[in-house]
Amino acid sequence: MTCGTTDGEDLLAELGLLVGHDPPLLEIAASPENTFSKDPNSTLVKLRQLAEHLVRSLAAQVGLTSGREMIFADLIAAVAPRIQMDTKVVRLLHHLRVKGNDAAHELSRVF
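Residues numbered from 1 in each chain as written. Predicted model: local features only at pLDDT ≥ 70, side-chain atom pairs only at ≥ 80, totals over all residues. Heavy atoms only, no water.

### What to know about the overall build of the protein
Item 1. Within the protein, the secondary structure is distributed over five helices and zero strands.
Item 2. Each of the 111 residues in the protein was classed as buried or not, and the buried ones make up 34%.
Item 3. By sequence separation, contacts in the protein at least 24 residues apart represent 42% of the contacts at least 6 residues apart.
Item 4. Only carbon and sulfur atoms are counted for the fraction: they give 57% of the accessible area of the protein, which is about 7,100 Å². (Helix = DSSP H or I, 4+ residues; strand = E, 2+ residues; numbered from the N terminus. Buried < 20%, exposed > 50% of the residue type's maximum accessible area, 1.4 Å probe, protein only. Contact = heavy atoms within 4.5 Å. Areas by Shrake-Rupley, 256 points an atom, 1.4 Å probe, with all protein chains shown as cover.)

Here it is as C-alpha cells:
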C-alpha cells in the first residue's frame, strides 16, 4: 500500500483482492490509508480493528467457534498456536491492540 495515496482508484487497486471477498475488511483496510496524516489516533483505532478482524477471520477458518465472544487479547492467544503464528506477529498484534485501545480512549493525545 502506498502511504498517503489520495487517489481512490490507486487505493482500490491496492486493495482489489478484498473487493467482493470481504467488504467489511475492505472498508476497515482503506480507512487508515485515508486518515493517517490528518488523524493519527483514528488511524491507530482502525489498524487495531483491521488486526482484530483478520484474527477473528483466522479463528473462524481454524474452527475456533468461541472466537466471536473472546476479547482480542484472548483471541490472539487462542489462534496463535493453532496456526503456528510467528512470535513477532503475535507481538505486533498485541502492540496494535494496546496502542489502538490507548488511541480510542485518549483522543486528545497523538501517539
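### What to know about helix H4 (residues 72-82)
Item 1. Listed as buried for H4 are Phe72, Ala73, Leu75, Ile76, Ala78, Val79 and Ala80.
Item 2. Close packing links the buried residues of H4 with helix H3 (40-61) and helix H5 (87-105).
Item 3. Positive phi appears at glutamine 84, one or two residues downstream of H4, with a value of about 55 degrees.

### Overview of the nonpolar core
Item 1. The biggest cluster of nonpolar side chains holds 14 residues, and the ones touching the most others in it are Val55, Leu64, Leu75, Ile76, Val79, Met85 and Leu93.
Item 2. Here this core takes six residues from H4, the largest share from any one element.
Item 3. Once you skip the residues sitting within four places of it in the chain, leucine 93 turns out to touch Ala51, Val55, Phe72, Ile76 and Met85. (Core = buried A, V, L, I, M, F, W, Y, C linked by side-chain atoms within 4.5 Å.)

### Some words on the confidence of the model for the protein
Item 1. Chain-level pLDDT for the protein is 77 on average; 60% of the residues reach the 70-or-more range.
Item 2. Highest mean pLDDT in the protein belongs to H4 (95); lowest belongs to helix H1 (residues 8-14) (52).
Item 3. The low-confidence segment residues 1-8 (pLDDT under 50) makes 16 contacts with residues lying over four places distant or belonging to another chain. (pLDDT = per-residue confidence, 0-100.)

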